[in-house]
Amino acid sequence: MAFAPAWAGDSAPAPGFDPISPAVFLPGGMLGVQLGSRWETIKRSPALSRLTCEPSADAAGVFDEICYFQTSSRVGGAQIHDGFIVRKGDEVILIGTGITIKNPDDPLAETVMRDFASNVHANYQQTGSDVLFVNLPARRMSAQEMQGFSRTAPVLLVELEPKGNELAVFYGYLAPVNAFSALASN
């Protein structure tokens, strides 16, 4: 599913479609970083080292700046080494990283998914090799309602990369996760 990105001033979620807060969705965030956190504070986080930042060129409607980082942290029970963090305005809207696995049947992949399933307070949907953790309203939303909802709805997407030796992990709001997932698959 692809949704158009929506930002402040576009449309607001309809009554009854308020997503849960990121702090409820994934307590502690990813790498100690929570969605919606102030950008300048996060850029000084000790968990993220060697930040290399660049402004958005082709995707200015989706984000303002992306920073690549190195870390020695764990995500979903697996060691990670690097990733990226994205801002729109003064807020973190997306954190992404990769987890190296031997192959699609690597037990580490199952361990990572079990860890996410126990820590993320959301339903999950599996489509092929992709797993999306999200809480959607029970009622079907119109395109305008979905656009507003996607601006503030936290999601966690885990994708098996085409070569099968890495899990891409995106934690962010629905619209930017969708946009980055599409960019990554192209």
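The notes below deal with the structure included here.

Parameters and conventions
- Here the residue index of a chain counts from 1 through its sequence in written order.
- Totals for whole chains, interfaces and linings use all residues, but because this is a predicted model, local features are given only for residues with pLDDT of at least 70 and pairs of side-chain atoms are given and counted only at 80 or more.
- Only hydrogens and water are set aside; all other atoms, that is, all heavy atoms of the structure, feed into the side-chain values.
- Here a strand is any run of E in DSSP of at least two residues, a helix any run of H or I of at least four, and the numbering for each starts at the N terminus.
- Defined by distance alone, a disulfide is two cysteine sulfur atoms within 2.5 Å.
- Three labels apply to residues, based on accessible area from a 1.4 Å probe with only protein chains included: buried if under 20% of the type maximum, exposed if over 50%, partly exposed otherwise in between.
- In this analysis, the protein atoms alone were mapped onto a 1 Å grid. Cavities are point sets where a 1.4 Å probe fits without being able to get out; pockets are open sets with protein on both sides within 12 Å along at least five of seven lines; lining residues have an atom within 4 Å of a point.
- Grid points are joined across faces, edges and corners, and a volume is the space filled by probe spheres set on the points.
- Each residue is assigned to one class: nonpolar for Ala, Val, Leu, Ile, Met, Phe, Trp, Tyr, Cys and Pro, charged for Asp, Glu, Lys and Arg, and polar for all the others, Gly among them.
- Residue contacts are counted whenever heavy atoms from the two residues lie within 4.5 Å of one another.
- Any N or O atom pair separated by 3.5 Å or less is treated as a polar contact, with the protein-specific requirement of one donor-capable and one acceptor-capable atom, and with residues adjacent in sequence counted only for side-chain atom pairs.
- Pairing between strands is defined by DSSP: at least two bridges between them are needed.
- Stacked, tilted and edge-to-face are the three classes assigned to paired rings of Phe, Tyr and Trp, where Trp is represented by its six-membered ring and a pair needs centres within 6.5 Å; plane angles under 30 degrees give stacked, over 60 edge-to-face, the rest tilted.

What follows deals with the environment of Thr-152. Tracing the backbone through its elements, the reader meets Thr-152 in helix 4 (residues 143–152). Expressed as a C-alpha distance, the spacing of Thr-152 and Asp-18, which sit 134 residues apart in the sequence, is 8.2 Å.

Below, the discussion takes up the state of the cysteines. Within the structure shown, the criterion is met by one disulfide. Each sulfur of the disulfide joining Cys-53 and Cys-67 lies 1.9 Å from the other. Where Cys-53 bonds to Cys-67 through sulfur, the torsion about that S-S bond is close to 105°, and the disulfide is right-handed. Within this pair, whereas Cys-53 is found in strand 1 (residues 49–55), its partner Cys-67 is found in strand 2 (residues 65–70), the two being separated by 14 residues in sequence. Cys-53 sits in the partly exposed class, given a relative accessible area of 31%.

Glancing now at the layout of surface pockets. Over the atoms, a rolling probe the size of a water molecule traces out where space has been left empty. Looking at the second largest pocket, its volume works out to about 310 Å³. Every residue lining the second largest pocket is counted, 16 residues in all, and those nearest its centre are Ala-109, Glu-110, Met-113, Gln-126 and Val-131. For the lining of the second largest pocket, the secondary structure elements donating two or more residues are helix 3 (107–119), strand 7 (123–127), strand 8 (130–134) and strand 9 (154–160). Considering each element in turn, the lining of the second largest pocket owes the most residues, five residues, to helix 3. Here the lining of the second largest pocket is built from residues that sort into eleven nonpolar, three polar and two charged.

All right, on to the environment of His-121 then. Turning to its location among the elements, His-121 is positioned in the loop between helix 3 and strand 7. For the pair His-121 and Val-134, spaced 13 residues apart in sequence, the C-alpha to C-alpha distance is 8.5 Å. Once you skip the residues sitting within four places of it in the chain, His-121 turns out to touch Ile-20, Val-24, Phe-25, Pro-27 and Asn-135. A polar atom in the side chain of His-121 sits 2.8 Å from the backbone oxygen of Val-24.

Attention now moves to the environment of Ser-21. Assignment of secondary structure puts Ser-21 in the segment before helix 1 (22–25). Of the residues examined, Ser-21 reaches a relative accessible area of 33% and is grouped as partly exposed. Residues Ser-21 and Ala-153, 132 residues apart in the sequence, show an inter-C-alpha distance of 7.7 Å.

Sheet faces and side chains relate simply in a regular strand, where the side chains alternate between the two faces. Here strand 1 pairs with strand 2 via five bridges, running antiparallel. Within strand 2, the residue paired with Thr-52 across the bridge is Tyr-68. Where strand 2 lies against strand 5 (residues 82–88), six bridges are found, and the strand directions are antiparallel. From the neighbouring strand, Phe-69 faces strand 5, where its bridge partner is Gly-83.

Here we take up the packing of aromatic side chains. A full pass over the atoms with the stated rule returns six aromatic pairs. Each ring, one from Phe-116 and one from Phe-133, has its centre 6.4 Å from the other, and the planes form 65°; the classification is edge-to-face. Here Phe-116, found in helix 3, pairs with Phe-133, found in strand 8; they are 17 residues apart in sequence, far enough to count as distant. Phe-133 matches Phe-116 in its accessibility class, with the two residues each being buried. On the numbers, 5.6 Å between centres and 45° between planes, the contact of Tyr-124 with Phe-133 is tilted. On the accessibility criterion, Phe-133 (2% relative accessible area) is buried. Through a chain of ring-to-ring contacts, the aromatic side chains of Phe-63, Phe-84, Phe-170 and Phe-180 assemble into a single cluster.

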